[in-house]
Structures are given as C-alpha cells and as structure tokens.
Amino acid sequence: MEYGIKDILELIGSLGLFLFGMKVMSDALLLLAGDQMRSILARMTSNRFLGIVTGFLITSVIQSSSATTLMVVSFSNASLLTLTEAISVIMGANIGTTITAWLITILGFKVSMSAIALPLVGFGFLFTFSKKEKAKHWGGFIIGFALLFIGLQFLKEAMPNINENREMLAFLNQYTDAGFWSVLLFLMIGTLLTVVIQSSSATMALTIVMTAEGWIPFELAAAMVLGENIGTTITANIAALVANYQAKRTARAHLIFNIAGVVWMLAVFYPFLDMISWISQKTGSENPYIAAAAIPVAISFFHTVFNILNTFFLVWFVKPMAKIVERMVPAKVIPEMAIE
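Residues numbered from 1 in each chain as written. Predicted model: local features only at pLDDT ≥ 70, side-chain atom pairs only at ≥ 80, totals over all residues. Heavy atoms only, no water.

Colleague: Can you break down the overall build of the protein residue by residue, with the values?
Modeller: Broken down by element type, the protein carries 16 helices and zero strands. Within the span of the protein, comprising 340 residues, buried residues form 50% of the whole. Residue pairs at least 24 apart in sequence account for 79% of intrachain contacts in the protein once pairs closer than 6 positions are excluded. By element, 69% of the accessible surface of the protein is carried by carbon and sulfur atoms, the whole surface being about 16300 Å². (Helix = DSSP H or I, 4+ residues; strand = E, 2+ residues; numbered from the N terminus. Buried < 20%, exposed > 50% of the residue type's maximum accessible area, 1.4 Å probe, protein only. Contact = heavy atoms within 4.5 Å. Areas by Shrake-Rupley, 256 points an atom, 1.4 Å probe, with all protein chains shown as cover.)

Colleague: Quick rundown of the side chain of Thr-207? Include the residues and the values.
Modeller: Inspection of the secondary structure assignment puts Thr-207 in helix α10 (residues 200–212). Judged by its relative accessible area of 0%, Thr-207 is buried. Contact partners of Thr-207, with chain neighbours within four places excluded, come to Ile-216, Ala-221, Met-224 and Glu-228.

Colleague: Tell me about helix α4 (residues 83–96), and name the residues and values.
Modeller: One turn of the α-helix equals 3.6 residues, which is why residues spaced by three or four share an orientation. Between its first and last C-alpha, α4 extends 20 Å over 14 residues, near the 20 Å set by a 1.5 Å rise per residue. In terms of residue burial, α4 counts as a mostly covered element, since 12 of its 14 residues are buried. The complete set of buried residues in α4 reads Leu-83, Ala-86, Ile-87, Ser-88, Val-89, Ile-90, Met-91, Gly-92, Ala-93, Asn-94, Ile-95 and Gly-96. (Expected span 1.5 Å × (residues − 1).)

Colleague: Explain the packing of aromatic side chains to me, using residue names and the numbers behind them.
Modeller: With the rule as written, the count across this model stands at 15 aromatic pairs. Ring centres 5.0 Å apart and planes at 80° place the aromatic pair Phe-125 and Phe-129 in the edge-to-face group. Relative accessible area serves as the criterion here: at 59%, Phe-129 is assigned to the exposed category. Among the aromatic residues, ring-to-ring pairing joins Phe-49, Trp-264, Phe-272, Phe-302, Phe-306, Phe-312, Phe-313 and Trp-316 into one connected group. (Phe/Tyr/Trp six-rings, centres within 6.5 Å; stacked < 30°, edge-to-face > 60°.)

Colleague: Requested: an account of helix α16 (residues 318–328), with residues and values cited.
Modeller: Listing the buried residues of α16 in full gives Val-318, Met-321, Ala-322 and Val-325. Take α16 and look down its axis: the buried residues cluster within an arc of 100°, on one side only. Seen from the buried face of α16, the exposed residues on the opposite side, beyond 90 degrees, are Lys-319, Lys-323 and Arg-327. (Arc of directions from axis to C-beta.)

Colleague: Would you mind going over the packing of helix α13 (residues 245–267) against helix α15 (residues 295–314) in detail, with residue names and values included?
Modeller: The geometry of α13 relative to α15 is characterised by a closest axis approach of 10 Å and an angle of 110° between their N-to-C directions. Of the possible angle classes, the one that applies to α13 and α15 is roughly perpendicular. Here α13 runs over α15; the crossing is right-handed. Mapping the contact onto sequence places Phe-257, Ala-260, Gly-261, Val-262, Trp-264 and Met-265 in α13 and Phe-302, Phe-306, Leu-309, Asn-310, Thr-311, Phe-313 and Leu-314 in α15. For the contact of α13 with α15, the per-class residue count stands at 10 nonpolar, three polar and no charged. (Axes fitted to C-alpha atoms, helices over the stretch in contact; angles between N-to-C directions. Parallel < 35°, antiparallel > 145°, perpendicular 65-115°, else oblique. Left-handed = near helix turned anticlockwise from the far one by under 90°. Nonpolar A, V, L, I, M, F, W, Y, C, P; charged D, E, K, R; others polar.)

Colleague: Describe the nonpolar core, and please don't skip the residues or the numbers.
Modeller: Leu-226, Phe-269, Ile-276, Ile-299 and Phe-302 are the most contacted members of the largest nonpolar core, which has 49 residues in total. Take this core: its biggest share by element is nine residues, from helix α11 (residues 218–231). (Core = buried A, V, L, I, M, F, W, Y, C linked by side-chain atoms within 4.5 Å.)

Colleague: Outline the packing of α4 against α13, supporting the account with residue identities and numerical values.
Modeller: Put simply, α4 and α13 touch, their axes get as near as 10 Å, and they point 45° apart. The orientation of α4 relative to α13 falls into the category oblique. Handedness of the α4/α13 crossing: right-handed. Facing α4, whose interface residues are Leu-83, Ala-86, Ile-87, Ile-90, Met-91 and Asn-94, α13 presents Arg-249, Thr-250, Ala-253, His-254, Phe-257 and Asn-258.

Colleague: Account for the pattern of salt bridges, with residues named and values stated.
Modeller: Overall, the coordinates contain two salt bridges when judged by the stated rule. With a closest N to O distance of 2.7 Å, Lys-6 and Glu-10 form a salt bridge. Here Glu-10 and Lys-6 lie together in helix α1 (residues 5–43), a separation of four residues that amounts to about one turn. Owing to a relative accessible area of 37%, Glu-10 belongs among the partly exposed residues under this scheme. Salt-bridge contacts for Lys-136 lead to Glu-133; the nearest nitrogen and oxygen are separated by 3.9 Å. Here Lys-136 and its partner Glu-133 are both found in helix α7 (residues 133–158), three residues apart, which amounts to about one turn of the helix. (Salt bridge = Lys/Arg side-chain N within 4 Å of Asp/Glu carboxyl O.)

This is how it looks when you write it as structure tokens:
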C-alpha cells in the first residue's frame with residue numbers, strides 16, 4: 001500500500017486550498033454586494049415564496065448556504081426577520097447551495113479549469129493594486145474562484161488511486177455491502193465530515209471526487225449528500241449559542257427542516273435514486289450504477305431535485321414548524337437592571 005502520511009497531508013492541504021478559495025470568493029462577493037444583499041433580505045420576505053427566492057438568489061451569488069444562514073440568524077437576532085420569514089429564506093438557501101455541486105461537476109470534471117486557473121490568479125491579482133475598493137473586491141473574487149478549482153484539481157490528484165491501493169478498497173468494501181445499514185453509516189460520515197470541515201460545499205467536492213475515482217457507489221454518495229444537509233446546520237446552531245432566543249429558534253428551525261427532509265428521503269431512498277438515474281441517462285449521461293464517471297452528474301441531480309422537492313413539500317408547514325421551534329426555545333425577556 002503506497003499511501004503514507006505525506007499523501008494524507010497533501011489530501012488535507014488540497015481540501016484546505018479548496019476551502020480557502022471558497023472563503024475568499026464568498027468574502028469578496030459579500031463585500032461587493034453586502035449592503036444590497038442585506039436590504040434585499042430585509043425587504044423581499046413579505047411572504048414565504050419571496051423568502052425562498054431571496055434565499056436561493058443570495059446563496060447562488062455568494063456560493064455559501066452557511067453565510068446566508070448566518071446572515072439570517074444575525075437578522076433574527078436583531079429582530080429584523082420574523083421566524084417564519086427566516087425559515088423561508090433558509091429553505092431557499094438550501095436550493096441555492098446546489099449550484100456549487102453543478103459548478104464542481106461541470107467545470108471541475110467536464111472542463112479542465114487547471115489550465116486557466118493560474119492565469120486567473122494573476123489576472124485577479126492585478127485588480128488588487130487598484131485604488132478603487134470595488135476593483136479590489138473583484139480581484140479577490142477572481143482569485144478565490146481560481147483557487148477553488150486549483151484546490152479541486154489537487155484534490156483529484158491527492159485522492160488515492162484504487163488500482164495502486166487495493167487494500168484500501170478491501171477495507172472500504174467492509175462498509176459498502178451492508179445494504180441500508182451502509183446508507184445510514186455513510187449518512188453519518190457525511191454529517192461528521194461537514195461538521196469538522198464546516199462547509200457542505202467542501203464535503204460535496206470530496207464526495208464527488210470519491211465517486212469519480214470509483215471509491216464509493218452512487219447510493220452511498222447520495223447518503224453522504226443527505227448527511228451533508230444535516231451537518232451544514234451545525235454552523236448556524238453554533239453561532240446562535242451566544243445569540244438571543246429568536247436567533248436560536250431560527251437555527252433550530254434550520255436543523256428541523258433539514259432532518260425532516262432526510263427522514264422522508266430515506267423512506268423513498270431506492271426508488272428516488274432509480275428516478276435520478278433515469279433523469280441522468282435521459283440527459284445523455286451513463287448509468288451511475290454502472291459507470292463511476294457518470295456518478296458526479298447523477299449526484300448533482302440528486303442534490304438539486306431533493307432540495308427542490310424538500311422545499312416544495314415543507315413550505316406548507318412553515319407555521320407548524322415555527323410553533324414547534326417556539327415550544328423548543330421559549331421566549332426569554334431580558335430583565336431590566338435595578339437602579340439603586
């Protein structure tokens with residue numbers, strides 16, 4: 001087995017570079033349009049459907065559902081959003097985060113970005129010398145975008161080759177042949193990875209690379225995606241620990257929404273995967289159950305269709321969900337300080 005400490009560190013470093021690129025890109029976009037996004041978020045939540053559209057648009061632009069959710073939590077903390085408005089924005093953010101998977105699948109695997117990524121860094125770097133703040137932020141966005149795909153390229157190269165590491169495959173096979181128990185195990189792995197990495201996008205990239213390399217089959221990759229949906233809620237819940245009860249309610253609603261989605265999906269898991277496989281093949285891809293190269297596209301379809309359907313089903317239960325959260329996190333009135 002030719003995979004040592006150096007290779008493991010390279011894998012961690014590749015993931016770190018991908019994460020850093022995501023952060024630089026997200027931060028630059030927030031600086032570019034942060035104030036506008038805040039005003040959009042404050043205004044476009046008059047009903048639950050507008051809230052969903054707002055959450056989707058913001059997450060599609062800043063490429064981070066965690067950043068959108070944290071923004072929503074902070075707005076709830078400042079009493080600028082009601083609980084039902086906050087839940088609808090979070091639902092939209094869950095759909096918006098699927099754009100990342102498509103970016104990775106289409107640009108990271110179908111198009112070779114590594115050839116233009118380094119020149120893009122140089123191009124973006126030139127913008128940072130500008131005296132205009134907006135141009136500097138655009139430079140940061142271009143650099144972040146390029147670093148994201150450089151990190152993805154390194155991630156693909158750092159992933160161990162199955163043909164050279166048969167022992168690893170044998171070890172992994174112990175956990176992939178246990179039927180539905182394997183699905184639950186990989187769901188937990190997806191959750192834990194997202195909690196540790198603090199980015200569902202990075203875990204999604206890791207999952208897609210693992211499937212492209214033939215490490216895990218289609219159904220277990222889908223299970224990991226479901227786990228990522230639960231793991232991504234932890235960031236908001238951690239942020240809400242030091243916030244008021246309104247922010248805690250918003251974070252808890254995010255957790256309940258994502259867990260509810262995972263529960264109903266597990267109930268229809270295998271028929272749903274067959275439907276995704278059919279959709280994937282109808283769009284010109286191969287059968288993801290047979291060809292490992294077809295899994296990234298199928299997983300992107302799974303992630304998108306699941307989040308859209310989950311939002312469509314649960315949008316009608318926003319008010320009952322809000323009532324459950326209100327019971328879980330009771331209102332706390334801050335006592336007035338006695339003046340002596």
